[in-house]
Amino acid sequence: MLDFFLSKVKGLFSTPEVVTKQSKKKETVVKKEVVKEVVDDADKNRVVFSPTKPAVVVEDTSKIDAQAQFALQNAKRIEAEAKNKEAEISKRLSSLDEKERYLIQKEKSLDQQSQEIRKKLDSVDDLYRKQLDKLETISGLDVEKAKQLVISSTEKKMSTWVAKKIEEARDEISQKEEEITKEIIVDNIRHGVTDYVAEYTVSTISLPDETIKGKIIGREGRNIRAFEKATGVELELDETNDIRISSFDSTRREIARLSLEKLIKDGRIQPLKIEQIVAQTKADMDRILVNEGKKLCQEVGAFNLPIDLIKEIGKYKFRFSYGQNLAKHTIEATKIATGIAYELKADVNTVRLGALLHDIGKVVADQEGTHIDLGVDLLRKFKISEKIIDCVAEHHEGKEFSSVESVIVYIGDAASGARPGARYEVHEEYLKRMKNIEEVAKGFPGVISVAAYQAGREVVVIVEPSQVSDSEAEVLSQNIAQKLDEEAKWAGQIKVTVIRELRTSSIITGSKISKNAVKED
């Protein structure tokens, strides 16, 4: 290929003789191309020749030689570079071949090593299984029992460290406890202040004398039967001058109370008069409920509610839960919840209405179901916002909280219901809860006896000192408190105190009395 290129270059830059020959050829061609003008004239009949001189091409031969020499050198340089490139490529190809052979050899070596490692792992697993079976046979324990034994031993060793960490955490909390407690108390008092007085004696009426009791009963009991039929309640009379009005419907009970007070004041107690007074009281009761509902709504800052819903809210005044008046509880819970909502930048209106309506299901007396389900159904009839309904549905943790507003309503309800003196329980429920707390604490190993005080807010646990160390007693109190929080379901704080007391005594009996020890008179 290079020779062909050189021949082309030499052809381009040939010798002067060649150029002369080419010039002669060109001259000949020019002669052949002489324009011969023949003018055919019909009259003159003559030919006119126009001879032209040949063009002679003269070129500088030295310049052509220099150009040819330069082209030749350039071609040699290109040839040399091509040879160098070819050598370099050949060298790289040989290096790649060597690397390929090395990698193939390395891959074979790795495959062989991998096979050897698998064999060794299989042998190790086999040896491990044999040793494990041998250990289980010798110890008489399976793997799970051995794990539990190790964990139990580790827990005992770590109990001192855990007790130390618990004590450090308590010290850190106690440093900030007073400041945080003051802030919480002041904030709750500020938001929960109310001047509403709970009416705990709403279902009892005191009679001025025995003659009124006879009028209420009437001849052969016709007056009392007419009254119970008109009001839907039951009257309980005893030897004292008190009359108890019994009914699950708080509104009926209030209508009966007001009607009976009017009859006693009028003095004319007879079936016809009873029907008239009860009918008049029922008509007045709707107005009373609306007025009470408006007062309660204005107290918490809720406006523009449907009139029928306000009427249901007015029933709060005549409803009690564990001895706590529902209206009083609602005002407290709403003020606390709205105060928290302002601090947390939450939706205050949603929190306000959620707290106001969270117990509205308790005043629905003509349907079956929990007060949460009844309240949700009632609010949906009035087309209340779903966010508010979620607050009502979640305020007892019956379902997972869907928003921060639901959590705030729950906190407001718990803060009002859990404060000391807010509620009281019937004797049976109280004993049941106290017994439940004691049974939970007795379920831990090493516990001898348990005593619950302060309505279950304080629990004293006595342990066997030979089974529980001082460090383990510290951990035990924490575990019991956590268990009570999970199972006792008691709103408020529970303090658990674990007592570990070791007493030793020795008795010595003197077998002989030294004569020198007896003082002679």
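Parameters and conventions
- Residues numbered from 1 in each chain as written.
- Predicted model: local features only at pLDDT ≥ 70, side-chain atom pairs only at ≥ 80, totals over all residues.
- Heavy atoms only, no water.
- Salt bridge = Lys/Arg side-chain N within 4 Å of Asp/Glu carboxyl O.
- Helix = DSSP H or I, 4+ residues; strand = E, 2+ residues; numbered from the N terminus.
- Buried < 20%, exposed > 50% of the residue type's maximum accessible area, 1.4 Å probe, protein only.
- Pairing = 2+ DSSP bridges.
- Axes fitted to C-alpha atoms, helices over the stretch in contact; angles between N-to-C directions.
- Core = buried A, V, L, I, M, F, W, Y, C linked by side-chain atoms within 4.5 Å.
- Contact = heavy atoms within 4.5 Å.

Caption draft 1: View of the pattern of salt bridges. Across all of its chains, the model carries 18 salt bridges by this definition. With its nearest N and O atoms 3.3 Å apart, the salt bridge here joins K130 to D126. With K130 and D126 both in helix α3 (residues 61-139) and 4 residues apart, this pair spans about one turn of that helix. Using a relative accessible area of 31% as the deciding quantity, one classes D126 as partly exposed. Put simply, K362 and D359 hold a salt bridge, and the shortest N to O gap is 3.6 Å. We note that K362, like D359, is buried. Beyond isolated ion pairs, a larger network of salt bridges with shared partners links D126, R129 and K130.

Caption draft 2: Spotlight on the sheet that holds strand β3 (residues 204-206). Here we have 3 strands laid out as an open sheet, ordered β3-β5-β4, and antiparallel in their pairing. Two strands close off the open sheet at either side, each with one partner strand: β3 and β4 (234-237). Pairwise comparison of adjacent strand axes, ignoring direction, gives a mean angle of 25° for this sheet. Pairing geometry for β3 and strand β5 (residues 242-246), over 3 bridges, is antiparallel. The residue bridging I205 from the neighbouring strand is I243, located in β5.

Caption draft 3: Spatial organisation of the sheet that holds strand β10 (residues 495-499). One open sheet holds the 3 strands; their spatial order is β8-β9-β10, and the pairing between them is mixed. The open sheet has two edge strands with one neighbour each: β8 (447-453) and β10. Across the sheet, the mean angle separating the axes of adjacent strands is 15° when strand polarity is ignored. Both β8 and strand β9 (residues 458-463) contribute to a ladder of 6 bridges, which runs antiparallel. Within β9, the position partnered with V447 by the bridge is V463.

Caption draft 4: View of the nonpolar core. I313, L356, L357 and I360 are the most contacted members of the largest nonpolar core, which totals 27 residues. In this view, L356 contacts L296, C297, V300, A302, L305, I313, Y316, T330 and T334; residues no more than four positions away in its chain are not counted.

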